[in-house]
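What the coordinates show
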Amino acid sequence: MIRRLAYDDRRLRDLPGEPLLATMIESAARCCGMGLLYEFWGVFEGRLGRSPKGLLLQKGHSLWATALCGEAVPEMVDFLRFRQEGWLMLCPRLADAWPGAGLPLRVMALPGDAACPVPEREYFPHTATAVADCDLAGGERTPQQYEAAVVNLHLAQRRRVGIAVTLQQDGRPVAAAAVTDSGSRWGQISYVATLPGYEGQGLGRAAVYYCADWLRQRGLTPLVACERHRESFYAGLGFCPVSSVTVVSDEPV
């Protein structure tokens, strides 16, 4: 059984569990219209005298899920397999029990005592579509993924839970990054990309630090979720591993 949460529910301000998923859920709670939030209580059980077993966030055909206790895992896996229509982001407990392979992502945070120098460059904030364009050019994205990126970036800016920024050369954006979610403790930096031919100039580093500084000014700890081969890049910027999540989809992610 699931129960929808109201966006002003105080429990959403201090969520337990995986920090990236908690940030996404809290960000959606602060911005009515960015997702539907549910508590997972169990398939055939009531709520009297009990605590919820998990939390779910639905954005379109995508689901974020975190189990709050070990006993919730089998029921939540069965529920999610039944409900899956697009792609899922799973906390480690659920990912370990998921039948089949997924894309593991390392969640890394920038500690409060780590340096965050913002190089003196000309930054172009509030450029959501240009950020999505850089992300598309920097990697392989489906049209559906590109469209979702543009919508998410514009929503994050409009709801004041994020910012998009590009650096430009030769009259066009060549590097980008964005804050897509922020809660009361953390904020997520995503869509980090540098166009081929412009790597090695510190552009990606500058964009990440710009977003990290934006979060720190609001008292938040910057987070990133990256594939394993990108860990060294973020480690070089001062980020440290704090957890992991797994993305599961029938389509390339």
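Calculation rules
Residues numbered from 1 in each chain as written. Predicted model: local features only at pLDDT ≥ 70, side-chain atom pairs only at ≥ 80, totals over all residues. Heavy atoms only, no water. Core = buried A, V, L, I, M, F, W, Y, C linked by side-chain atoms within 4.5 Å. Buried < 20%, exposed > 50% of the residue type's maximum accessible area, 1.4 Å probe, protein only. Helix = DSSP H or I, 4+ residues; strand = E, 2+ residues; numbered from the N terminus. Contact = heavy atoms within 4.5 Å.

On to the nonpolar core. Counting 43 residues, the largest nonpolar core has V131, L153, V179, I189, V208, Y234 and F239 as its most contacted members. For this core, the secondary-structure elements that each account for two or more residues are helix 4 (128-138), helix 5 (143-158), strand 8 (163-169), strand 9 (172-182), strand 10 (186-194), helix 6 (203-216) and strand 11 (221-226). For this core, the leading source of residues is helix 6, giving 9 residues. If we skip the residues at most four places from it in the chain, F239 touches M108, A109, L110, I189, V208, P222, L223, V224 and Y234. Counting 38 residues, the second-largest nonpolar core is a separate cluster that includes L20, M24, F79 and L94.

Considering the arrangement of structural elements, one finds T221 in strand 11. The class for T221 is partly exposed, based on a relative accessible area of 27%. Each C-alpha atom of the pair T221 and G112 lies 7.1 Å from the other, and the pair is 109 residues apart in sequence. Once you skip the residues sitting within four places of it in the chain, T221 turns out to touch A109, L110, R185, W186 and G187.

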